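# Examination of the molecular architecture
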Amino acid sequence: MTVNLEVADGVGTIRLDRPPMNALDIATQDRLRELAAEATRRDDVRAVVIWGGEKVFAAGADIKEMQAMDHAAMVARSKDLQDAFTAVARIPKPVVAAVTGYALGGGCELALCADFRIAADSAKLGQPEILLGLIPGAGGTQRLARLVGPSKAKDLIFTGRHVKADEALAIGLVDRVVPAAEVYEQAHAWAARLAAGPALALRAAKESVDAGLETDIDTGLAIERNWFAGLFATEDRETGMRSFVEEGPGKAKFR
């Protein structure tokens, strides 16, 4: 398999495994969608790490495969391509990308689907599709602009240039830069911390933020209000408040 899901201690690691560069061909895209659905469905997966291995996250799409496709073929394929990445973005649990080496094109777009990005100090990210006479097609024009702002997104998309880890951190493309040997360890620790938290509240928080960004503030506030009130029907809310009153903040143990 080009992508695998391994689960331990509440954390599911979606591991890209297509040497040497984890090129995201059609089979890999479809497998990503399958595993995103599995991670969503499984109760023993409470947070997710996306990981390409020690050397590279993903260097982009399989260009040789795409070169053989004409307009009609890509019209038929492009929605499946986007749907695979959207399935990752909509996993209703905390998701962190552990980025080593290159995260370019589709690889960068995959990292954008995470809630948090931890990058190696040697990592390079970018959207070089313009150099092929193309634009990003797996969500890059939309998710990148929402993350770093339209001006910075246009700079990266128009030029196709690679961004080193320090600049990626400065513009908000990644959230933490660490030595390469520590990327997966720190990503897993971030996920494990959240895996011990209240699953429904975390889902509510993620969906409120993500859905709210797509609409006006009044609608966003309504989304927040509905989730907030709904959580009062959950065991986690009872556990959290009881623990706060009896033991003080931060000591609740959620099931």
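Our subject is the structure listed above.
Here goes a summary of the coordinates provided. (Residues numbered from 1 in each chain as written. Predicted model: local features only at pLDDT ≥ 70, side-chain atom pairs only at ≥ 80, totals over all residues. Heavy atoms only, no water.)

### Quick look at a nonpolar patch on the surface
On the surface, a nonpolar cluster with roughly 250 Å² of combined accessible area is contributed by Ile-63, Leu-132 and Leu-134. Taking the relative accessible area as the measure of exposure, Leu-132 reaches 47% and is therefore partly exposed. (Patch = residues over 30% accessible without salt bridge, like charges linked within 9 Å, V, L, I, M, F, W, Y side chains within 5 Å. Areas by Shrake-Rupley, 256 points an atom, 1.4 Å probe, with all protein chains shown as cover. Salt bridge = Lys/Arg side-chain N within 4 Å of Asp/Glu carboxyl O. Buried < 20%, exposed > 50% of the residue type's maximum accessible area, 1.4 Å probe, protein only.)

### Details of the packing of aromatic side chains
Tallied over the full model, the rule gives 3 aromatic pairs. Pairing Phe-228 with Phe-232 gives two aromatic rings, centres 5.5 Å apart and planes at 75°, and the pair type is edge-to-face. Overall, Phe-228 belongs to the exposed group, its relative accessible area being 56%. (Phe/Tyr/Trp six-rings, centres within 6.5 Å; stacked < 30°, edge-to-face > 60°.)

### Focus on the environment of Thr-2
Counting through the fold element by element, Thr-2 comes out in the segment before strand S1 (3-8). Considered as a pair, Thr-2 and Ala-39 are 37 residues apart in the sequence and their alpha carbons are 16 Å apart. Contact partners of Thr-2, with chain neighbours within four places excluded, come to Arg-15, Leu-16, Asp-17, Arg-18, Ala-27, Thr-28 and Arg-31. For Thr-2, the side chain forms a polar contact with the side chain of Thr-28, separated by 3.1 Å. (Helix = DSSP H or I, 4+ residues; strand = E, 2+ residues; numbered from the N terminus. Contact = heavy atoms within 4.5 Å. Polar contact = N/O pair within 3.5 Å; in protein donor to acceptor, adjacent residues only side chain to side chain.)

### Topic: the environment of His-162
Turning to its location among the elements, His-162 is positioned in the loop between helix H6 (150-159) and strand S8 (163-164). Judged by relative accessible area, His-162 falls into the partly exposed class, the value being 39%. Residues His-162 and Glu-246, spaced 84 residues apart in sequence, show a C-alpha to C-alpha distance of 52 Å.

### Focus: the environment of Arg-41
With respect to the secondary-structure elements, Arg-41 resides in helix H1 (residues 26-41). Here the alpha-carbon distance between Arg-41 and Val-163, two residues 122 residues apart in the chain, equals 35 Å.

### Digging into unusual backbone geometry
Backbone torsion omega between Pro-19 and Pro-20 reads 0°, so that peptide bond is classified as cis. With respect to the helices, strands and loops of the structure, Pro-20 is situated in the loop between strand S2 (11-16) and H1. A positive phi angle is found at Asp-9, which is not glycine, with a value near 55°. Within the fold, Asp-9 resides in the loop between S1 and S2. Phi at Asn-22 takes a positive value of approximately 55°, unusual for a residue other than glycine. Within the fold, Asn-22 resides in the loop between S2 and H1. Here Asn-22 falls in the buried class, since its relative accessible area comes to 5%.

### Quick notes on the pattern of salt bridges
Inspection of the entire model under this criterion finds 17 salt bridges. For Asp-30, the salt bridge goes to Arg-33, with nearest N and O atoms at 3.6 Å. Linking Asp-30 with Arg-33, this pair stays in helix H1, spanning 3 residues, or about one helical turn. Take Arg-33: its relative accessible area is 29%, and that puts it in the partly exposed class. Among the salt bridges present, the one from Asp-30 reaches Arg-77, with a minimum N-O distance of 3.0 Å. With a gap of 47 residues between them, Asp-30 in helix H1 and Arg-77 in helix H3 (residues 71-89) connect regions that are remote in the sequence.

### As for the packing of helix H9 (residues 199-213) against helix H10 (residues 217-230)
At a closest axis distance of 9 Å, the pairing of H9 and H10 adopts a crossing angle of 170°. One finds that H9 runs roughly antiparallel with respect to H10. Each of Arg-203, Ala-204, Glu-207, Ser-208, Ala-211 and Gly-212 in H9 lies in contact with H10, whose residues at this interface are Gly-220, Ile-223, Glu-224 and Trp-227. When grouped by side-chain class, the residues that make up the contact of H9 with H10 number 4 nonpolar, 3 polar and 3 charged. (Axes fitted to C-alpha atoms, helices over the stretch in contact; angles between N-to-C directions. Parallel < 35°, antiparallel > 145°, perpendicular 65-115°, else oblique. Nonpolar A, V, L, I, M, F, W, Y, C, P; charged D, E, K, R; others polar.)

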